Amino acid sequence: MCSLEKRGNLWILTLNGDDENRLNPTLIDSLLSTLTNLSSQSTPGSVLITTAKGKFFSNGFDLQWARAADSKSAAMDRLQFMVDSLKPVAAAFLSLPMPTIAAVNGHASAAGFMLAIFHDYVLMRSDRGVLYMPEVNLGLPLPDYFAAVMREKIKSPVVLRDVLLGGVKIKGNEAVKIGIVDSAHDSVESTVEAAVRLGEQLARKKWMGEVYAEIRKSLYPEACDVLGLTLKPIISKI
Amino acid sequence: MCTLEKRGSLFILTLTSHDDEQHRLNPTLLSSILTAISKVNSQATVGSALVTTAHGRFFCNGFDFRYAQAAGSQSEARIRLRRMSDSLRPVIAALFSLPMPTVAAVSGHAAAAGLILAMAHDYVLMRSDRGVLYMPEVDLGITVPDYFAAVVTAKIGPAMALRDVLLRGMKVRAKEAVEMGIVNTAHDSEDGTVEAAMRMGEELARKKWVGDVYGEIRKRLYPQVCGVLCLTLQPIVSKI
């Protein structure tokens with residue numbers, strides 16, 4: 001479902017491309033255990049890069065799996081189960097003791113869009129792929145932690161409205177212009193290369209992961225609140 | 001130390017360089033700034049404004065780590081650092097509740113607590129020929145106090161700018177700071193910055209705003225800062 005590879009200081013997490021990288025219980029479990037494992041192996045200079053194979057970064061929760069349930073209420077339960085299961089993944093990203101970069105190789109939709117913006121830096125290809133929150137079009141609810149992360153990562157009220165209430169599909173260059181994506185690149189290869197270059201730059205700083213995570217959390221108080229993350233002061237050097 | 005001067009409607013608070021050109025915030029400087037701002041508060045009239053600036057290449061280089069380290073042991077040093085952080089808190093609270101517009105003329109480097117001090121003003125003007133804004137905590141391996149986090153998240157609009165300053169330790173020069181929305185305007189010299197701040201202070205003073213209302217409206221814009229600093233809201237008395 002997803003694989004983790006170590007290249008020097010960089011950890012490369014790759015979604016393997018099956019089924020549009022839809023976030024079903026198996027992939028979500030695999031992400032959570034990978035992040036938990038990674039968190040315990042962090043050293044100063046570690047950096048995470050997340051990317052995916054195929055034309056989807058991730059197309060969101062596995063609605064097909066939800067709809068395969070016997071009844072409408074059982075389908076809703078399955079959806080809620082995925083919402084609840086991704087929550088600790090969001091918390092793991094916000095508290096991961098290292099810088100994180102998403103190299104968005106293709107469509108990132110709904111929970112897949114969230115997965116991208118759980119990262120500190122988002123790089124995206126410009127030749128294809130869109131960021132898209134379809135909830136308004138599909139008539140689906142927006143989980144509390146989706147809303148909290150969106151509000152703190154996309155601060156412009158106009159952009160926030162367009163993304164969540166307008167259901168706009170945003171390509172790489174446009175996403176840079178409106179401040180959701182750091183940089184857009186003309187192919188999937190160049191997106192990943194740029195992510196690796198950025199990762200190496202950040203790795204050279206040899207930041208203390210634990211402090212890095214605490215500072216990150218302090219920037220996103222609402223998300224921390226919803227995700228049940230608490231803050232802890234650390235003074236390493238004096 | 002700092003000096004307070006009244007020039008027409010303007011109060012001018014200046015960090016002076018007699019003992020430390022970096023204007024590092026130690027207990028002495030902190031208490032002298034707090035006294036000055038309290039004095040400004042008590043002398044406020046309709047149409048007052050505050051301009052804060054500093055002499056030399058530094059606006060303010062943060063807490064005085066030399067003072068903390070002179071404590072001898074690491075645990076004593078931490079206590080001193082903690083005490084400085086606790087002493088800056090009422091200064092920031094006083095600036096957020098000051099009943100008049102406030103302008104920081106950032107005349108040089110503003111780092112860590114020094115940048116928080118600058119950002120606690122309503123307007124931040126900065127020289128572009130030298131000096132950077134810098135939050136070094138991520139580089140130093142120190143977390144940021146709760147009220148620092150509240151101030152930066154309230155004052156730095158774009159999420160990427162916030163990340164670059166706090167999580168990347170980016171050193172931001174004036175023109176870049178204007179683009180990122182941290183600084184209002186950049187000016188090509190120290191004198192140019194201070195003059196622009198004075199002009200701006202005078203312009204704001206001419207509005208003859210009711211200070212108490214001004215302070216209350218400000219507090220309502222920054223609920224998280226007020227929460228962390230325990231600033232309570234008072235009803236706004238209108239002119240009806």
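Conventions we followed
- Residues numbered from 1 in each chain as written.
- Chains lettered and ligands numbered in written order.
- Predicted model: local features only at pLDDT ≥ 70, side-chain atom pairs only at ≥ 80, totals over all residues.
- Heavy atoms only, no water.
- 1 Å grid on protein atoms, 1.4 Å probe; cavity = no way out; pocket = protein on both sides within 12 Å on 5 of 7 lines; lining within 4 Å.
- Points joined across faces, edges and corners; volume = space filled by probe spheres on them.
- Helix = DSSP H or I, 4+ residues; strand = E, 2+ residues; numbered from the N terminus.
- Nonpolar A, V, L, I, M, F, W, Y, C, P; charged D, E, K, R; others polar.
- Buried < 20%, exposed > 50% of the residue type's maximum accessible area, 1.4 Å probe, protein only.
- Contact = heavy atoms within 4.5 Å.
- Axes fitted to C-alpha atoms, helices over the stretch in contact; angles between N-to-C directions.
- Pairing = 2+ DSSP bridges.

Participant: Please clarify how the layout of surface pockets should be interpreted in this entry.
Facilitator: In this approach, a probe sized like a water molecule rolls over the atoms, and the result shows the empty space that is left. The volume enclosed by the largest pocket comes to roughly 960 Å³. Along the wall of the largest pocket there are 44 residues; nearest its centre are B:S85, B:I142, B:T143, B:V144 and B:P145. Elements supplying a minimum of two residues to the lining of the largest pocket: helix 10 (209-219) of chain A together with helix 2 (65-69), helix 3 (74-97), helix 5 (137-140), helix 6 (146-155) and helix 11 (223-229) of chain B. For the lining of the largest pocket, the element with the highest residue contribution is helix 3 of chain B, accounting for seven residues. Classifying every residue of the lining of the largest pocket gives 23 nonpolar, nine polar and twelve charged. In this structure, the second largest pocket encloses a volume near 420 Å³. Along the wall of the second largest pocket there are 24 residues; nearest its centre are A:L63, A:A110, A:P134, A:L138 and A:L140. Elements with a minimum of two residues in the lining of the second largest pocket: helix 2 (63-67), helix 3 (72-95), strand 6 (107-109) and helix 5 (135-138) of chain A. Considering each element in turn, the lining of the second largest pocket owes the most residues, four residues, to helix 3 of chain A. The class makeup of the residues in the lining of the second largest pocket is 15 nonpolar, five polar and four charged.

Participant: Please clarify how helix 6 of chain B should be interpreted in this entry.
Facilitator: For an α-helix, 3.6 residues make a turn, and residues three or four places apart therefore share a direction. For helix 6 of chain B, the buried fraction is high: eight of the ten residues fall into the buried class. Where helix 6 of chain B is concerned, the buried positions are B:Y147, B:F148, B:A149, B:A150, B:V151, B:V152, B:T153 and B:K155. Contacts made by the buried residues of helix 6 of chain B are with helix 10 of chain A together with helix 3, helix 4 (113-119), helix 5, helix 7 (159-166) and helix 11 of chain B.

Participant: In this structure, what is going on with the packing of helix 3 of chain B against helix 6 of chain B? I would like to understand it.
Facilitator: A pair of packed helices can be characterised by two numbers: the angle between their axes and the separation between those axes. Residues and elements named next belong to chain B. Two elements in contact, helix 3 and helix 6, have axes whose closest approach is 10 Å; the angle formed by their N-to-C orientations is 35°. Here S85, L88, R89, I92 and F96 of helix 3 lie close against helix 6, whose contacting residues are D146, Y147, F148, V151 and K155. Per-class residue counts for the contact of helix 3 with helix 6 are six nonpolar, one polar and three charged.

Participant: What should I look at first to understand the pairing of strand 2 (residues 10-15) of chain B in this one?
Facilitator: Within a regular beta strand, the side chains point alternately toward one face of the sheet and then the other, so they alternate between its two faces. All names here are of chain B. Here strand 2 lies mainly inside the structure; six of its six residues are buried. Judged by which residues are buried, strand 2 turns out to be covered on both faces: L10, I12 and T14 on one side and F11, L13 and L15 on the other are all buried. Note: strand 1 (residues 2-7) against strand 2, six bridges, orientation antiparallel. When the sheet's bridge partners are listed, L4 is paired in strand 2 with L13.

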